[in-house]
Amino acid sequence: MTLYHGPDLSLGPVSLCLPDVHEIENAPAAPDILEARSQWLARALQGPETLYFAIRVDGLLAGQIFLHELGQQPGEAQVGLHLFDPTMRGRGVGAAALALLQGYVATHTHLKRLSFVTAANHTAARRAAEKCGYKYKEPSPNDPFEVIYQWEVPQKTLKARN
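Residues numbered from 1 in each chain as written. Predicted model: local features only at pLDDT ≥ 70, side-chain atom pairs only at ≥ 80, totals over all residues. Heavy atoms only, no water.

Thoughts on the state of the cysteines
We count it as follows: The disulfide definition used here is simple: a pair of cysteine sulfur atoms within 2.5 Å.
According to the stated counting rule, one finds zero disulfides in the structure shown. Free cysteine Cys17: the closest other cysteine sulfur is in Cys132, separated by 18 Å.

Structure (C-alpha cells):
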C-alpha cells in the first residue's frame, strides 16, 4: 500500500494529505472521473509504483493527485490529478496541488523529472501545468487526443539532496 502518510502539505486553502480510503470511495464525483478515481486508488493500495495523496480545499475532500510509474524509468515518474467536483476546476486548485507535489518531490524523493499527460482540450489542466513550470513536450504517442508536459526538478534542488 502506498498512500501518503506524512504531515499535511498546504498552500493557502489547498492541502495534500493522508487519504481516507473510505471517504474517497464514497465521495461524490463527476462522471468523467469516477472510473479513474477507483482505478488509481486501487493501484495505490496494491503496490509501490503509485504514491497517492488526497487533495483537500479548506479541509474538504476535493480530489486526488499521485505519482505513478515509479521505478519504471530511473529518476522519473508520471503525475495523475483528478478533481472530483467539477466546480473546483479552473480555480487554481489543480495548480496548487501540482505545486505542492513538486515541492514534495524536490525535497523527499530522488526523482529528476515528472511527466503530466492530459487531454489536449483540457485547458484548465494545461494551464495548471504551465503555471507550475511544466513544459510542453509532445503529443502522446499512445493517444492522439492527449499531450505530454514535463517538469525537471531544479538542479539546485538535486545538488542539495545529494
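Overview of helix α2 (residues 34–46)
Rule in force here: Think of it this way: any DSSP run of H or I at least four residues long counts as a helix, any run of E at least two long counts as a strand, and we number them from the N terminus. In a helix, the anticipated span is given by 1.5 Å times the number of residues less one. Whether a residue is buried, partly exposed or exposed follows from its accessible area with a 1.4 Å probe, protein chains only, as a fraction of its type maximum: under 20%, in between, or over 50%, in that order. In this description, the arc belongs to the directions extending from the helix axis to the C-beta atoms. Any two residues whose heavy atoms approach within 4.5 Å are treated as being in contact.
Counted at 1.5 Å a residue, the expected span for α2 with its 13 residues is 18 Å, and the 19 Å between its end C-alpha atoms agrees. Of all the residues in α2, the buried ones are Ala36, Arg37, Trp40, Leu41 and Ala44. One side of α2 carries all its buried residues, which in axial view fall inside an arc of 120°. For α2, exposure combined with an orientation more than 90 degrees from the buried face picks out Glu35 and Gln46. Its buried side turned inward, α2 meets α1 (21–26), β3 (50–57), β4 (60–68) and β5 (76–83).

Details of the pairing of strand β2 (residues 14–17)
Definition in use: Two strands are counted as paired when DSSP detects at least two bridges linking them.
Because side chains alternate across β2, one face comprises the buried residues Val14 and Leu16, and the other comprises Ser15 and Cys17, equally buried. Two strands pair when backbone bridges link them, and strand β1 (residues 9–11) and β2 are joined in this way by three bridges, in the antiparallel orientation. Following the sheet pairing, Leu11 is matched in β2 by Val14. The sheet contact formed by β2 and β3 spans four bridges and is antiparallel. From the neighbouring strand, Leu16 faces β3, where its bridge partner is Ile55.

With respect to the layout of surface pockets
Basically, it comes down to this: Every definition here rests on a 1 Å grid over the protein atoms only: cavities are sets of points where a 1.4 Å probe fits but cannot get out, pockets are open sets enclosed by protein on both sides within 12 Å along at least five of seven lines, and lining residues have some atom within 4 Å of a point. Grid points are joined across faces, edges and corners, and a volume is the space filled by probe spheres set on the points. Gly is put with the polar residues, along with every residue not named as nonpolar or charged; the nonpolar set is Ala, Val, Leu, Ile, Met, Phe, Trp, Tyr, Cys and Pro, and the charged set is Asp, Glu, Lys and Arg.
Put simply, the largest pocket is a space of about 890 Å³. The wall of the largest pocket is formed by 35 residues, among which Leu81, Val117, Thr118, His122 and Ala125 lie closest to the centre. Contributing elements (two or more residues each) for the lining of the largest pocket: β4, β5, α3 (93–108), β6 (113–119), α4 (123–131) and β8 (146–152). No other element matches β5, which puts six residues into the lining of the largest pocket. Looking at the lining of the largest pocket residue by residue, the classes come out as 17 nonpolar, 11 polar and seven charged. Secondary structure elements with two or more residues in the lining of the second largest pocket: β5, β6, β7 (135–139) and β8. In terms of residue count, the dominant contributor to the lining of the second largest pocket is β5 (three residues).

Here we look at the sheet that holds β3
The line we're drawing: Axis geometry follows a simple rule: fit a line to the C-alpha atoms, using only the stretch in contact for helices, then measure angles between N-to-C directions, giving values from 0 to 180 degrees.
The eight strands lie next to each other as β1-β2-β3-β4-β5-β6-β8-β7, forming an open sheet whose pairing is mixed. Of all strands in the sheet, those with a lone pairing partner are β1 and β7, marking the two edges. In this sheet, neighbouring strand axes are inclined to one another by 25° on average, regardless of whether the strands run parallel or antiparallel. Summarising the sheet, β3 and β4 pair through eight bridges and their orientation is antiparallel.

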